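# Fold and geometry: a report
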Amino acid sequence: MNQQEIILQLENYVRNLHQGDSSGHDWHHIDRVRNLAVHIAKKENANQFIVECAALVHDVIDDKLHDDLEAQKIQLESILNELLNSNEVVKAILYIVENISYKGGNGVIPTSLEGKIVQDADRLDAIGAIGVARTFAYGGKKGRSMFNPEFKIRDNMTIEEYRSDKSSSLHHFYEKILKLKDLMNTKTALEMAEERHLFVEKFIDEFMKEWNFKI
Ligand code: NI
């Protein structure tokens, strides 16, 4: 199987897996992250094939989306082993998938350039206009309100606290989204993040202005 066919197989696998998702992690998120990741990989001279494969499967083992992570991992591993005849490449992809998550600020920076790039791409899709839309989609799915002025903005959370519901979508901007720009690993991603970050700040300003309108 050539590389293009492998990519196509992975696309079909994740298209199916993320079908019906309304939390901001649907196929289109995967596709955007793939496009961002390949773009960054070209600029940063990384292994494009590993980056593209890893970007496509980057949300397959994620505790936000799946209950049985061990089952997801076994399934992904067997699909990758079936499609790829290189143990090295399978290992590199699995490593990326397991090490790019934010985890409420408790995540790690992947050691490989390809991992850094997929992490950047996933985070770029969490900021900007798409990031704003995804924040509210995810919050709605989790039963959070758009904004609750009674909640405090939390810092230094454990992953359990981070995933709990004592937050609103607007708080999520401060607890995660606005921190992402400074966490970009590559120069290419940082440049793209700057514009998206400004947009989020502008959105919050406008949101608060409308929220606080009084007669
Ligand atoms: Ni993602």
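A brief report on the enclosed structure follows. Remember, predicted model here, so these are calculated numbers, not experimental data.

Orientation of helix H3 (residues 48-56) relative to helix H6 (residues 113-124), taken along the N-to-C sense of each, is 45°, at an axis distance of 9 Å. Classified by the angle their axes make, H3 and H6 are oblique. Taken as a pair, H3 and H6 cross one another with a handedness that is right-handed. Here Ile 50, Val 51, Ala 54 and Ala 55 of H3 come into contact with H6, specifically with Glu 114, Ile 117 and Val 118.

Summarising the metal site, the nickel ion is bound by the protein donors His 29 (NE2), His 58 (NE2), Asp 59 (OD) and Asp 122 (OD), whose distances to it range over 2.2 to 2.4 Å. Geometry at the nickel ion is irregular, judged from its four donor atoms and the angles of 85 to 169° they form at the metal. All donors of the nickel ion belong to a single chain; written as a sequence motif, their spacing is H-x28-H-D-x62-D. Here His 29 is found in helix H2 (residues 27-43), whereas its partner Asp 122 is found in helix H6, with 93 residues between them in sequence. On the basis of relative accessible area, His 29 is assigned to the buried category, the value being 0%.

Further remarks concern the pattern of salt bridges. Side chains bearing opposite charge may pair, as long as their charged atoms lie close to each other. Counted according to the given criterion, the structure contains nine salt bridges. With its nearest N and O atoms 2.8 Å apart, the salt bridge here joins Glu 52 to Arg 34. Here the residue Glu 52 occupies a position in helix H3, and Arg 34 occupies one in helix H2, the gap between them amounting to 18 residues. Across the salt bridge formed by Asp 182 and Lys 181, the nearest N and O atoms sit 3.2 Å from each other. Because the salt bridges share partners, they merge into one network encompassing Glu 11, Asp 31, Arg 34 and Glu 52.

Rules and cut-offs
Residues numbered from 1 in each chain as written. Predicted model: local features only at pLDDT ≥ 70, side-chain atom pairs only at ≥ 80, totals over all residues. Heavy atoms only, no water. Axes fitted to C-alpha atoms, helices over the stretch in contact; angles between N-to-C directions. Helix = DSSP H or I, 4+ residues; strand = E, 2+ residues; numbered from the N terminus. Parallel < 35°, antiparallel > 145°, perpendicular 65-115°, else oblique. Left-handed = near helix turned anticlockwise from the far one by under 90°. Contact = heavy atoms within 4.5 Å. Donors = N, O, S within 2.8 Å, 3.2 Å for Na, K, Ca; no water. Tetrahedral: all angles 85-135°; square planar, octahedral: opposite > 155°, others 65-115°. Buried < 20%, exposed > 50% of the residue type's maximum accessible area, 1.4 Å probe, protein only. Salt bridge = Lys/Arg side-chain N within 4 Å of Asp/Glu carboxyl O.

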